[in-house]
Amino acid sequence: MKVELVRVGDGFHFEGSGSSDVKIHTDGSPEIGGQNMGVRPMELLLMGLASCSAIDVVLILKKQKQDITDFRILADGDRVEEEGTKRSPFRKIHLTFRFTGNNLDENKINRAIGLSMEKYCSATAQLEALATITHSVEIASV
């Protein structure tokens, strides 16, 4: 896998692309001179984790004929500064899976999330070496 990151202008705004040819924009915070022209890199890591799991979960639940009308994941990451550095990696990440649909089976949803988190999601495998990843589920009917 390869991605390319290209600086846009003379600040901290970058445009990234990969094999999908979809452009993603990142930027630094205004505190360092960024202009809010893109997501922050650490936000992008959380989005990647949530997206990886979301794709798995939707694939599994579609096969199980679950009628999902709305699906969201809220990813909340706690960062801790490493002593002697300015690095602040995630140490705890919590994913809240929120489903709305018709006659959703809670057992199937929990099983799909478990399979994603424990077997399929490569982003989870990458991040769980340094951060504790937990999750919860919220289900609402239409």
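Right above here is the structure, for reference.
A short tour of the structure in this document, coming up. In this convention, every chain numbers its residues from 1, walking through the sequence in written order. Owing to the predicted nature of the model, reporting of local features is limited to residues with pLDDT of at least 70; listing and counting of side-chain atom pairs is limited to 80 or more, with chain, interface and lining totals taken over all residues. Only hydrogens and water are set aside; all other atoms, that is, all heavy atoms of the structure, feed into the side-chain values.

1. Examining the side chain of Asp-56
Okay, step 1: Numbering of helices and strands runs from the N terminus; a helix is a DSSP stretch of H or I covering at least four residues, while a strand is a stretch of E covering at least two. Mapped onto the elements, Asp-56 comes out in helix H1 (residues 41-63).
Okay, step 2: Buried within the structure, Asp-56 lacks any salt-bridge partner; its nearest side chain of opposite charge belongs to Lys-63, at an N-O separation of 9.7 Å.
Okay, step 3: If near-sequence neighbours (up to four positions away) are discounted, Asp-56 is found in contact with Ser-116, Tyr-120 and Cys-121. Whether a residue is buried, partly exposed or exposed follows from its accessible area with a 1.4 Å probe, protein chains only, as a fraction of its type maximum: under 20%, in between, or over 50%, in that order. For this count, His and the chain ends are skipped, Lys and Arg are scored as positive, and Asp and Glu as negative. A carboxyl oxygen of Asp or Glu within 4 Å of a side-chain nitrogen of Lys or Arg is what we treat as a salt bridge. Here a residue-residue contact requires only that any non-hydrogen atoms of the pair lie within 4.5 Å.

2. Examining unusual backbone geometry
Okay, step 1: A positive phi angle, close to 55 degrees, is found at Asn-36, a residue other than glycine.
Okay, step 2: When you line up the elements, Asn-36 lands in the loop between strand E3 (24-26) and H1.

3. Focus on the sheet that holds strand E5 (residues 90-102)
Okay, step 1: Reading across the sheet, the three strands line up as E4-E5-E6 and stay open at both edges, with mixed pairing between neighbours. Each edge of the open sheet is held by one strand with a lone partner, namely strand E4 (67-79) and strand E6 (132-141). The average undirected angle you get between the axes of adjacent strands in this sheet is 15 degrees.
Okay, step 2: Bridge count for E4 against E5 is twelve bridges, and the pairing is antiparallel. Looking at the pairing, Asp-78 lines up with Lys-92 of E5.
Okay, step 3: Angles run from 0 to 180 degrees between N-to-C directions of axes, and those axes are lines fitted to C-alpha atoms, restricted for helices to the stretch in contact. Its contacts with the sheet put helix H2 (residues 106-120) on E5 and E6, and the angle it makes with E6 is roughly 155 degrees. If DSSP finds at least two bridges between two strands, the strands pair.

4. What to know about the packing of aromatic side chains
Okay, step 1: What counts as a ring pair is set by centres within 6.5 Å for rings of Phe, Tyr and Trp (its six-membered ring), and what kind of pair is set by the plane angle: stacked under 30 degrees, edge-to-face over 60, tilted for all other angles. Evaluated as defined, the whole model comprises two aromatic pairs.
Okay, step 2: Aromatic pair Phe-71 and Phe-97: ring centres 6.4 Å apart, planes at 15 degrees, arrangement stacked. Taken together, the residues Phe-71 in strand E4 and Phe-97 in strand E5 connect sequence positions 26 residues apart.
Okay, step 3: Overall, Phe-97 belongs to the buried group, its relative accessible area being 0%.
Okay, step 4: Ring-over charges, as used throughout, are those where CZ of Arg or NZ of Lys falls within 6 Å of the ring centre and within 35 degrees of the ring normal. The ring of Phe-90 has Arg-79 lying over it, and the distance from NZ or CZ to the ring centre is 5.9 Å.

5. Digging into the pattern of salt bridges
Okay, step 1: Scanning all chains against the criterion turns up four salt bridges.
Okay, step 2: In this structure, Arg-72 engages Asp-70 in a salt bridge whose closest nitrogen and oxygen atoms are separated by 2.7 Å.
Okay, step 3: Overall, the relative accessible area of 52% leaves Arg-72 in the exposed class.
Okay, step 4: Salt bridges here are not isolated pairs; linked through shared partners, they connect Glu-82, Arg-87 and Arg-91.

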